[in-house]
Amino acid sequence: MDFSKVPGVLGRIVAGRVQDYRDADPDLGAPRAGERRFEAALRGPSLSLIAEVKRASPSEGAIAPLDPATAARAYEQGGASAISCLTEPRHFDGHLGALREVVGAVALPVLRKDFVVHPAMLREAADYGASAALLMVSVLGEAVGEYLEMAHHLGLDALVEVHDERELDIALGSGARILGVNNRDLTTLNIDLAVSPRLIRRARGAGFGGVLVAESGYRTAADLGPVRDLADAVLVGSSLARSGDLARATRELLAP
Ligand SMILES: O=P(O)(O)OC[C@@H](O)[C@@H](O)c1c[nH]c2ccccc12
């Protein structure tokens, strides 16, 4: 695949990951049974929360020096339904070891949050105990369908992420069961909370029956209003990570 056309900040992050995995073995090995734990955790009568272990980001720089296992436990105590763990090292201060620590610390399903550009990244996610991996249409384009099959081969759920109508149409055609709509444009880092409601309505209108996740930029319970009766789940990182009391911040975010 040619990733050199990915624009802006996202392009720079992706270029680093392409380098990191240039010589990695693409072999996935034998098929593994899928438990679909991540998907199941997000379905439910009320809005579910995926709480993210996020120590830094390109838009905010250092966020908080979280210990991944401690942070994940606090999110679990606060009522999160799943944990997202960033493993990208250069821009998000994540690492693969954090994934294993988080998986060992909580009973909740864990998402490997990274810029997947190589099959080995999915094999690692499964080897380190993740229940799911992020696949970004802004990075993979039409190849997202192949990556989805690889994730399922490994027994992983996939959160297929989109940011605009064109990406959504690719995701809908890929066979994705879990769709995430990112309010943040990763090429410019601008946030617009109107993006998730708009694309979630479009996905439902197109007959999508899977799980829908609104992502990025949510700080308060009030912020969740526009997606409360629309999305199955929200993905929140920075505002929880920065709060100083992660369990309490999680509880307050989920309070209706
Ligand atoms: O910190 P926030 O604004 O609550 O956002 C969390 C999450 O949505 C964000 O970290 C994210 C969404 N998609 C991504 C893709 C790669 C890296 C990070 C992300």
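Here, the structure is the one placed above.
The structure contained in this document is the topic of the report that follows. (Residues numbered from 1 in each chain as written. Predicted model: local features only at pLDDT ≥ 70, side-chain atom pairs only at ≥ 80, totals over all residues. Heavy atoms only, no water.)

Taken as a whole and assessed by the stated rule, the structure comprises one aromatic pair. Between the NZ or CZ atom of Arg-100 and the centre of the ring of Tyr-128, over which it lies, the distance is 4.1 Å. (Phe/Tyr/Trp six-rings, centres within 6.5 Å; stacked < 30°, edge-to-face > 60°. Lys NZ or Arg CZ within 6 Å of the ring centre and 35° of its normal.)

Let's shift gears to the side chain of Glu-167. Of note, Glu-167 is situated in helix α9 (residues 165-173). Buried and without a salt bridge, Glu-167 has Arg-166 as its closest oppositely charged side chain, separated by 4.4 Å. (Helix = DSSP H or I, 4+ residues; strand = E, 2+ residues; numbered from the N terminus. Buried < 20%, exposed > 50% of the residue type's maximum accessible area, 1.4 Å probe, protein only. Lys, Arg positive; Asp, Glu negative; His and termini not counted. Salt bridge = Lys/Arg side-chain N within 4 Å of Asp/Glu carboxyl O.)

Quick look at the sheet that holds strand β4 (residues 82-86) now. Across a sheet, strands are paired by hydrogen bonds formed along the backbone, either parallel or antiparallel in direction. With respect to topology, eight strands assemble into a closed barrel ordered β1-β4-β5-β6-β7-β8-β9-β10, the strand pairing being parallel. With strand direction ignored, the average angle separating the axes of adjacent strands in the sheet is 25°. Those strands touched by helix α3 (residues 68-78) are β1 (48-53) and β4, and its axis lies near 165° from that of β1. (Pairing = 2+ DSSP bridges. Axes fitted to C-alpha atoms, helices over the stretch in contact; angles between N-to-C directions. Contact = heavy atoms within 4.5 Å.)

What follows covers the environment of Ala-30. Counting through the fold element by element, Ala-30 comes out in the loop between α1 (8-20) and α2 (37-42). Judged by its relative accessible area of 56%, Ala-30 falls in the exposed class. Each C-alpha atom, one on Ala-30 and one on His-153, is 8.0 Å from the other, the two residues being 123 residues apart in sequence.

With that out of the way, let us pick up the site of the ligand. In the vicinity of the ligand lie 19 residues, with Glu-52, Lys-54, Glu-161, Ser-216 and Ser-238 positioned nearest. One of the side-chain N or O atoms of Glu-161 is found 2.7 Å from a nitrogen atom in the ligand. Contacts to the ligand include Arg-184, whose side-chain N or O atom sits 2.8 Å from an oxygen atom. Contact with the protein chains removes 98% of the 440 Å² of surface that the ligand exposes when unbound. Counting residues per element, the ones that place at least two in the shell around the ligand are β6 (132-136) and β10 (233-236). Residue composition of the shell around the ligand, by class: eight nonpolar, five polar and six charged. (Near = heavy atom within 4 Å. Polar contact = N/O pair within 3.5 Å; in protein donor to acceptor, adjacent residues only side chain to side chain. Areas by Shrake-Rupley, 256 points an atom, 1.4 Å probe, with all protein chains shown as cover. Nonpolar A, V, L, I, M, F, W, Y, C, P; charged D, E, K, R; others polar.)

The next thing to look at is the packing of α9 against helix α10 (residues 195-205). Orientation of α9 relative to α10, taken along the N-to-C sense of each, is 35°, at an axis distance of 11 Å. Here α9 and α10 pass one another in a crossing that is right-handed. Of the residues in α10, those touching α9 at Glu-165, Leu-168, Asp-169 and Leu-172 are Arg-198, Leu-199, Arg-202 and Ala-203. Among the residues making up the contact of α9 with α10, the classes are represented as four nonpolar, no polar and four charged. (Left-handed = near helix turned anticlockwise from the far one by under 90°.)

Tallying each qualifying case throughout the model produces 19 salt bridges. Ionic pairing is found between Lys-5 and Asp-2, a salt bridge with its closest N-O pair at 3.1 Å. Given a relative accessible area of 47%, Asp-2 falls into the partly exposed group. Between Arg-112 and Asp-114 there is a salt bridge whose closest N-O contact spans 3.2 Å. With relative accessibility at 1%, the residue Arg-112 sits in the buried group. Three or more residues joined by partner-sharing salt bridges are found here, namely Arg-17, Asp-20, Arg-90, Arg-112, Asp-114 and Glu-124.

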